[in-house]
Amino acid sequence: MYLVRRVFNTKPGEARRVATMIHKQAQMYHDAGHRGEFKVYFNGGTMPGETNVVVLEWTEEAIMSPMREGNNIPQEVLMAGRAALEFVESNRIEFMELLTPDKMMDL
């Protein structure tokens, strides 16, 4: 099981807008059966720490290429993501393996 995290650094003052747009896109992925449950969180400047940041997070059983055969992503999902990019300065994706009971070490 893997944690997938997309981190968006937004233009100043646009974190809440981008969080809303990313949430709508993630919901579309979910509704189309491409993703399970997800979370979106942001800091537009009202909390300590890095500001103008949006994070989308979900889990996957396996890491697979989005360009794999048979992965038909609806056009409206792709267009929703493109719309948010107008307000984004940079983004990255992070993959972390979740520690499940079967992966724990005997210490």
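S.K.: Can you break down the side chain of asparagine 9 residue by residue, with the values?
M.R.: Within the fold, asparagine 9 resides in strand E1 (residues 2-10). A polar atom in the side chain of asparagine 9 sits 2.8 Å from the side chain of glutamate 50. Discounting residues that sit within four places of it in the chain, asparagine 9 has contacts with Glu50, Asn52, Val53, Val88, Glu89, Ser90 and Arg92.

S.K.: Give a detailed account of the packing of helix H1 (residues 15-31) against helix H2 (residues 75-84), specifying residues and quantitative values.
M.R.: Their axes nearest at 9 Å, the elements H1 and H2 cross at an angle of 165 degrees. The angle between H1 and H2 places the two elements in the roughly antiparallel class. Note that H1 runs across H2; the crossing there is left-handed. Here Val18, Met21, Ile22, Gln25, Met28 and Tyr29 of H1 come into contact with H2, specifically with Glu76, Val77, Leu78, Ala80, Gly81, Ala83 and Ala84. Classifying every residue of the contact of H1 with H2 gives 10 nonpolar, 2 polar and 1 charged.

S.K.: So what about unusual backbone geometry? Which residues, and what values?
M.R.: Here the phi dihedral of asparagine 52 falls at roughly 55 degrees; this positive angle occurs in a residue that is not glycine. Mapped onto the elements of the fold, asparagine 52 is located in the loop between strand E2 (38-43) and strand E3 (53-60).

S.K.: Break down a nonpolar patch on the surface for me, citing the residues and quoting the values.
M.R.: A surface patch of nonpolar side chains, amounting to about 260 Å² of accessible area, comprises Ile63, Ile93 and Phe95. Looking at where isoleucine 93 falls in the secondary structure, it is placed in strand E4 (residues 88-97). Overall, isoleucine 93 belongs to the partly exposed group, its relative accessible area being 40%.

S.K.: Can you explain the sheet that holds E1? Please cite residues and give values.
M.R.: The strand order E2-E3-E1-E4 describes an open sheet built from 4 strands, whose pairing is antiparallel. Of all strands in the sheet, those with a lone pairing partner are E2 and E4, marking the two edges. Along the sheet, successive strands turn relative to each other by an average axial angle of 15 degrees, direction set aside. Here E1 pairs with E4 via 9 bridges, running antiparallel. The residue of E4 that forms the bridge with tyrosine 2 is glutamate 97. In this fold H1 packs onto E1, E2, E3 and E4, with an angle of close to 175 degrees to the strand it touches most, E2.

S.K.: If you had to explain the nonpolar core to someone new, which residues and values would you point to?
M.R.: Of all hydrophobic cores here, the largest spans 14 residues; its most connected members are Phe8, Val18, Ile22, Phe38, Val54, Leu56 and Trp58. For this core, the secondary structure elements donating two or more residues are E1, H1 and E3. Considering every element that reaches this core, the biggest residue donor is H1, with 5 residues. Apart from the residues within four sequence positions on either side, phenylalanine 38 is in contact with His23, Ala26, Gln27, His30, Leu56, Glu57 and Trp58.

Reading the values: the criteria
Residues numbered from 1 in each chain as written. Predicted model: local features only at pLDDT ≥ 70, side-chain atom pairs only at ≥ 80, totals over all residues. Heavy atoms only, no water. Helix = DSSP H or I, 4+ residues; strand = E, 2+ residues; numbered from the N terminus. Polar contact = N/O pair within 3.5 Å; in protein donor to acceptor, adjacent residues only side chain to side chain. Contact = heavy atoms within 4.5 Å. Axes fitted to C-alpha atoms, helices over the stretch in contact; angles between N-to-C directions. Parallel < 35°, antiparallel > 145°, perpendicular 65-115°, else oblique. Left-handed = near helix turned anticlockwise from the far one by under 90°. Nonpolar A, V, L, I, M, F, W, Y, C, P; charged D, E, K, R; others polar. Patch = residues over 30% accessible without salt bridge, like charges linked within 9 Å, V, L, I, M, F, W, Y side chains within 5 Å. Areas by Shrake-Rupley, 256 points an atom, 1.4 Å probe, with all protein chains shown as cover. Salt bridge = Lys/Arg side-chain N within 4 Å of Asp/Glu carboxyl O. Buried < 20%, exposed > 50% of the residue type's maximum accessible area, 1.4 Å probe, protein only. Pairing = 2+ DSSP bridges. Core = buried A, V, L, I, M, F, W, Y, C linked by side-chain atoms within 4.5 Å.

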